[in-house]
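What the coordinates show
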Amino acid sequence: MRQHIVVVDDDDKIISLLRRSLAFEGYEVTTASNGMEGLKVLLTTEPDLLILDVMMPQVDGWEVCRRVREGGSTVPIMMLTAKDDVIDRVKGLDLGADDYLVKPFALEELLARARALLRRKADKIEASSSSQLLYEDLILDMDAREAIRSGRRIELTSKEYDLLLLFMQNPRRVLTRDAIMEKIWGYDFSGESNVLEVYIAMLRQKVEEGGKNRLIQTVRGTGYVLRGEAG
């Protein structure tokens, strides 16, 4: 069965390019020319990947992304935008997007990122055969997509969940910054970007609430590791 990709963009040239190119790669492709039309398509289908333009009239890509996630869908979302500001990228990712590609883009790069997102989706499905992960007093409930520590439930954003899942699947293993970025976001931000550090700080704040000890440790010059303070 072919994997299904939905493309939502108000640029007819991009719609035409992606429809032909993705179909040539063997994907089933459905297109929509604006955000409202895209939401209607998504009411009747759960695609394997959503490619979503940001700057659209009436209902923009950010709003589509927000509604998709609020509806409970975990479909991988790749945002397309003419904006390259870090704050805009963080906004999209915080709404639940999985990747972010700036226009104009190279078609080969978009296809590579699409393949990476589809692979990660398959990995998550395989990993979900066990519904809970445990490290010390921290539980990650993969069905509810939330953490539990000492009986206290911790609500997580989509990216916080993905980040904590990566740590819980690799306890006591030092993960480099580049490896985390590749696994969670699928590409590197510019060297001066601190988006990973921001997410680590937010995740720590939630996990350590109530004076709990730190579990996500910084390995200076390398990355991070899930490890109790005693090692």
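Given the structure is predicted, the values throughout are model-derived calculations rather than measurements.

It is worth spelling out the overall build of the protein chain at this point. From N to C terminus, the protein chain includes 8 helices and 12 strands. Here the C-alpha radius of gyration of the protein chain, 18 Å, is about what a compact globule of 231 residues would show, namely 17 Å. Taking the principal axes of the C-alpha coordinates as reference, the protein chain spans close to 55 × 35 × 30 Å. Carbon and sulfur atoms make up 49% of the accessible area of the protein chain, which totals about 11,500 Å².

What follows concerns the environment of Val90. Tracing the backbone shows Val90 in helix α4 (residues 86-94). Residue classification places Val90 among the partly exposed residues on the basis of a relative accessible area of 24%. Distance in space between the C-alpha atoms of Val90 and Tyr100 is 9.4 Å, their sequence separation being 10 residues. With near-sequence residues (within four places) excluded, Val90 lies in contact with Val195 and Tyr199.

So, about the environment of Pro76. Tracing the backbone through its elements, the reader meets Pro76 in the loop between α3 (61-70) and β4 (77-81). In this structure Pro76 comes out as buried when scored by relative accessible area, which is 7%. Sequence-distant contacts of Pro76, that is, excluding residues within four places in its chain, are made with Asp48, Leu49, Leu50, Arg69, Asp98, Leu117 and Lys121.

Once that is clear, we can look at the packing of aromatic side chains. Inspection of the entire model under this criterion finds 0 aromatic pairs. Positioned above the aromatic ring of Trp62 is the side chain of Lys91, whose terminal nitrogen or guanidinium carbon lies 3.9 Å from the ring centre.

Per the counting criterion, the structure on display carries 17 salt bridges. Of the charged contacts in the structure, one is a salt bridge between Arg66 and Glu70, with a shortest N-O distance of 2.8 Å. In this pair, Arg66 and Glu70 are both assigned in helix α3, 4 residues apart and thus about one turn of the helix distant. With its nearest N and O atoms 3.0 Å apart, the salt bridge here joins Asp98 to Arg69. Pair noted here: Asp98 is in the loop between α4 and β5 (99-102) and Arg69 is in helix α3, with a separation of 29 residues, a long-range link. Arg69 shares its class with Asp98; the two are buried. One salt-bridge network, in which partners are shared between bridges, spans Glu63, Arg66, Arg67 and Glu70.

Our focus in this paragraph is the domain arrangement of the protein chain. Taken domain by domain, the protein chain holds domain 1 (4-124) and domain 2 (132-226). For domain 1 and domain 2, the distance between their C-alpha centres works out to 25 Å. In this complex, domain 1 contributes 16 residues to the contact, which on the side of domain 2 involves 16 residues. Interface area for domain 1 against domain 2, summed over the two sides, is near 1,300 Å², with a carbon-plus-sulfur share of 50%. If you sort the residues of domain 1 by the area they bury against domain 2, Arg89, Leu93 and Arg120 come out on top, with a joint share of 35%. Scanning the region where domain 1 abuts domain 2 turns up 1 salt bridge. With a shortest N-O distance of 3.5 Å, Lys159 and Asp98 are connected by a salt bridge. Here the side of domain 1 that touches domain 2 gets 5 residues from one element, more than from any other, and that element is α4. For the side of domain 1 that touches domain 2, the per-class residue count stands at 5 nonpolar, 2 polar and 9 charged.

In terms of residue burial, strand β3 (residues 49-53) counts as a mostly covered element, since 5 of its 5 residues are buried. Burial along β3 is two-sided: Leu49, Ile51 and Asp53 facing one way and Leu50 and Leu52 facing the other are all buried. Where strand β1 (residues 4-8) meets β3, 4 bridges bridge the pair, whose relative direction is parallel. Note that in β3 the partner of Ile5 across the bridge is Leu49. The pairing of β3 with β4 spans 4 bridges and is classified as parallel. Residue pairing across strands places Leu50 opposite Ile77, the latter belonging to β4. In the classification by handedness, the crossover that spans β3, the intervening α3 and the parallel β4 is right-handed.

Cut-offs and rules
- Residues numbered from 1 in each chain as written.
- Predicted model: local features only at pLDDT ≥ 70, side-chain atom pairs only at ≥ 80, totals over all residues.
- Heavy atoms only, no water.
- Helix = DSSP H or I, 4+ residues; strand = E, 2+ residues; numbered from the N terminus.
- Rg over C-alpha atoms; globule rule 2.2 N^0.38 Å.
- Areas by Shrake-Rupley, 256 points an atom, 1.4 Å probe, with all protein chains shown as cover.
- Buried < 20%, exposed > 50% of the residue type's maximum accessible area, 1.4 Å probe, protein only.
- Contact = heavy atoms within 4.5 Å.
- Phe/Tyr/Trp six-rings, centres within 6.5 Å; stacked < 30°, edge-to-face > 60°.
- Lys NZ or Arg CZ within 6 Å of the ring centre and 35° of its normal.
- Salt bridge = Lys/Arg side-chain N within 4 Å of Asp/Glu carboxyl O.
- Domains from an automatic or database assignment.
- Buried area = accessible area lost by both parts, 1.4 Å probe.
- Nonpolar A, V, L, I, M, F, W, Y, C, P; charged D, E, K, R; others polar.
- Pairing = 2+ DSSP bridges.
- Right-handed = clockwise from strand over helix to strand, strands pointing away.

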